[in-house]
Amino acid sequence: MECLVTGEDITDFPLEKCFYCYTCKYACRKGNCVADLVKVLRENAGFDIQSEDACLTDIHCNSLYECGLCVTVDTHTPDTFPEWCPTWEKIYGNMKKFRSELGLEGLYRKIPQNSIDEIKEIVDGTVNKRYNEGSEIEERKKTIPADKIYLFHSCIADAHYPGITESIKYVFDRLGADYIDDPRHSTCTGFAYYGGKIPFSTLLVVNARNFALAEEVGYPNIAPVCQTSYGVLMESAGILKSELGTRVNEEVLSKVNRKYNGGANIVHVAEIMWAQRGRIKEKIKHELDGLRVATHNGCHYAKMFRKHAIPNLLDELVSVTGAECIGYAEKNLCCGLGFGHTIEPEQRHLTREITYRKLMSAKDAGADVVLVACPGCQMTLDRNQELIERESGEEIGLPIVNYAQLIALAMGADPYKVAGIRTHSVALESVLKQVGVM
């Protein structure tokens, strides 16, 4: 049997080699999924997490414990990620300045201390607890809301590309969207969970708390910025509708005076904009004629919950800007993030192998930019380009942009003060000048 992404023989396949791209689920007519089996096997084996002390000594778990975020710039320093080359080192050194240009303080989103205390209690109470991840996930009925939107931040977006969230808010504000930006919610924990640094029980209860917060303020339509978050939240919401939801409330959430009642509606931010694309088109100030865009939908949106996905979501969003979507051979290929493949230095070459295939396919098709809906994909495709060019001898130079950034720019947003393009490793300026945005 071969892996559908790498082509490797997966008989006796090491668990850590799974990229969690869900291509197996996408391809199987019956929806069987090796990625889900690997998750259960890792959990049952106590993979990576042997004790509370082991969890808290890992930088991503400790960051969740201390900051409520699995990823900050402090977890991705240039020393930790030398593969991201001098460009990341320069961006890292100026990140506080770049965030200040966006009107943001400090180096990461600050979660109130009483919320941090709740998160600590949850981590302490779940790191050695084992819930059965094999519980059947109840089918979720998703509706795209027009109001009562709970904006759910991405820790990778806020750490690497804070202009993504600012662009979303810029578009929402001009649409008059009814949304709340609640500082109390934590990360979804997906990056640390798929990287083998926190157990499923922690992920589940942390997100039950997040759902409870949304219910409490009367904004149950939870709109994640990230497509990994989308997958995590969709899965968690389905599992919490089972008997596990009662256990989570009684055994852990009750200790932090929270209760989740099962009312969360999970919808990606891009889907909300897609539903409003007619109104967005009316507000476009800069038609991006001549811009050739290769779109990439994150695996945890397009493959993990395929039946709920809008097939041409990003292509139809791009069309409102006047830009041209192009086809390319590797459009459905994973970006290569792989979570553990990004975290563990000895596995990062595997990420770059897949990222190279993706980027070269888009470049060969004539793309000017690659457009994504997941900050993890953006980080992978953007930060790794410099080393990939050096290793391959190929000049790529493809800027990576989030759909919200592109739409905001087309609506007239400032490239630096809203879209935050200074935090990109591959510069966007020349492309934006080409289409008259700068």
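Details of the structure are given in the entry above.
What you see is a predicted model, and the numbers here were worked out from it, not measured in a lab.

Trainee: Just checking my understanding: could you explain the pairing of strand 1 (residues 149-152) for this structure?
Mentor: On any regular strand, side chains alternate: one points to one face of the sheet, the next to the other face. Side chains Ile 149 and Leu 151 of strand 1 all project onto a buried face; the interleaved residues Tyr 150 and Phe 152 project onto the opposite face, where all are buried too. Sheet analysis places strand 1 next to strand 3 (residues 221-224), joined by 4 bridges and oriented parallel. Residue pairing for strand 3: Tyr 150 is matched across the bridge by Ile 222.

Trainee: What exactly am I supposed to notice about the packing of aromatic side chains here?
Mentor: Aromatic ring pairs: the centre-centre distance and the angle between the two ring planes describe each pair. With the rule as written, the count across this model stands at 10 aromatic pairs. An angle of 50° between the planes, with centres 5.2 Å apart, marks the rings of Phe 211 and Tyr 260 as tilted. Within this pair, whereas Phe 211 is found in helix 10 (residues 200-216), its partner Tyr 260 is found in the loop between helix 12 (243-251) and strand 4 (265-266), the two being separated by 49 residues in sequence. Note on accessibility: Phe 211 and Tyr 260 belong to one class, buried. An aromatic cluster of three or more residues is present, and its members are Phe 191, Tyr 193, Tyr 194, Phe 200 and Phe 339. Cation over ring: Arg 348 sits above Phe 81, and NZ or CZ is 4.0 Å from the ring centre. Directly above the aromatic system of Tyr 416 lies the positively charged group of Arg 422, at a separation of 3.7 Å from the ring centroid.

Trainee: Got a minute to help me understand the pairing of strand 7 (residues 369-372) in this structure?
Mentor: Here strand 7 shows two buried faces, one formed by Val 369 and Leu 371 and the other by Val 370 and Val 372. Pairing analysis gives 4 bridges linking strand 5 (residues 292-296) to strand 7, with the strands arranged parallel. When the bridges of strand 7 are listed, Ala 294 appears paired with Val 370. Alignment of strand 7 against strand 8 (residues 400-402), held across 3 bridges, turns out to be parallel. Directly across from Leu 371, in strand 8, lies its bridge partner Val 401.

Trainee: Explanation requested: the sheet that holds strand 7 in the structure shown.
Mentor: Two modes of strand pairing occur in sheets, parallel and antiparallel, and in both the strands are linked by backbone hydrogen bonds. Here we have 4 strands laid out as an open sheet, ordered 6-5-7-8, and parallel in their pairing. Each of the sheet's edge strands pairs with one partner strand only, and the pair in question is strand 6 (324-325) and strand 8. The pairing of strand 5 with strand 6 spans 2 bridges and is parallel. From the neighbouring strand, Arg 292 faces strand 6, where its bridge partner is Glu 324.

Trainee: I keep staring at the pattern of salt bridges and nothing clicks. Help me out?
Mentor: Once their charged atoms are close, side chains differing in charge can pair, the charge on each being opposite to the other. Inspection of the entire model under this criterion finds 20 salt bridges. Of the charged contacts in the structure, one is a salt bridge between Lys 331 and Asp 315, with a shortest N-O distance of 3.0 Å. Here the residue Lys 331 occupies a position in the loop between strand 6 and helix 17 (340-343), and Asp 315 occupies one in helix 16 (residues 313-319), the gap between them amounting to 16 residues. Ionic pairing is found between Arg 357 and Glu 330, a salt bridge with its closest N-O pair at 3.2 Å. Of this pair, Arg 357 sits in helix 18 (residues 348-364) while Glu 330 sits in the loop between strand 6 and helix 17; the two residues are 27 residues apart in sequence, bridging distant segments of the chain. Among the residues examined, Glu 330 registers a relative accessible area of 22% and is labelled partly exposed.

Trainee: How do you make sense of the packing of helix 6 (residues 113-126) against helix 10 when you look at a structure like this?
Mentor: How two helices pack is summed up by the angle between their axes together with the distance between the axes. Following both chains from N to C, one finds helix 6 and helix 10 inclined at 150°, their axes separated by 9 Å at the closest point. Regarding the angle of helix 6 to helix 10, the classification is roughly antiparallel. As for how helix 6 packs across helix 10, the hand of that crossing is right-handed. Contacts between helix 6 and helix 10 pair Ser 115, Glu 118, Ile 119, Ile 122, Val 123 and Thr 126 from the former with Ser 201, Thr 202, Val 205, Val 206 and Arg 209 from the latter. In the contact of helix 6 with helix 10, the residues fall into 5 nonpolar, 4 polar and 2 charged.

Trainee: Sorry if this is basic, but what is going on with helix 12 here?
Mentor: In an α-helix, one turn spans 3.6 residues; hence positions three or four apart end up facing the same way. Three or more residues of helix 12 are buried, namely Leu 244, Gly 245, Val 248 and Asn 249. An end-on view of helix 12 places all buried positions within 140° of arc, on one side of the element. Opposite the packed face of helix 12, turned more than 90 degrees from it, sit the exposed residues Glu 243 and Glu 250. Buried positions along helix 12 lie against helix 10 and helix 11 (227-239).

Trainee: Could you clarify how one ought to interpret the state of the cysteines in this entry?
Mentor: In a disulfide, the sulfur atoms of two cysteines are covalently bonded to one another. Within the structure shown, the criterion is met by 0 disulfides. Unpaired in this structure, Cys 335 has its nearest cysteine sulfur neighbour in Cys 377, at a distance of 3.8 Å. Under the relative-accessibility criterion, Cys 335 is labelled buried at 4%. As a non-bridged cysteine, Cys 374 has Cys 226 as the owner of its nearest cysteine sulfur, 3.8 Å distant.

Calculation rules
Residues numbered from 1 in each chain as written. Predicted model: local features only at pLDDT ≥ 70, side-chain atom pairs only at ≥ 80, totals over all residues. Heavy atoms only, no water. Buried < 20%, exposed > 50% of the residue type's maximum accessible area, 1.4 Å probe, protein only. Helix = DSSP H or I, 4+ residues; strand = E, 2+ residues; numbered from the N terminus. Pairing = 2+ DSSP bridges. Phe/Tyr/Trp six-rings, centres within 6.5 Å; stacked < 30°, edge-to-face > 60°. Lys NZ or Arg CZ within 6 Å of the ring centre and 35° of its normal. Salt bridge = Lys/Arg side-chain N within 4 Å of Asp/Glu carboxyl O. Axes fitted to C-alpha atoms, helices over the stretch in contact; angles between N-to-C directions. Parallel < 35°, antiparallel > 145°, perpendicular 65-115°, else oblique. Left-handed = near helix turned anticlockwise from the far one by under 90°. Contact = heavy atoms within 4.5 Å. Nonpolar A, V, L, I, M, F, W, Y, C, P; charged D, E, K, R; others polar. Arc of directions from axis to C-beta. Disulfide = S-S within 2.5 Å.

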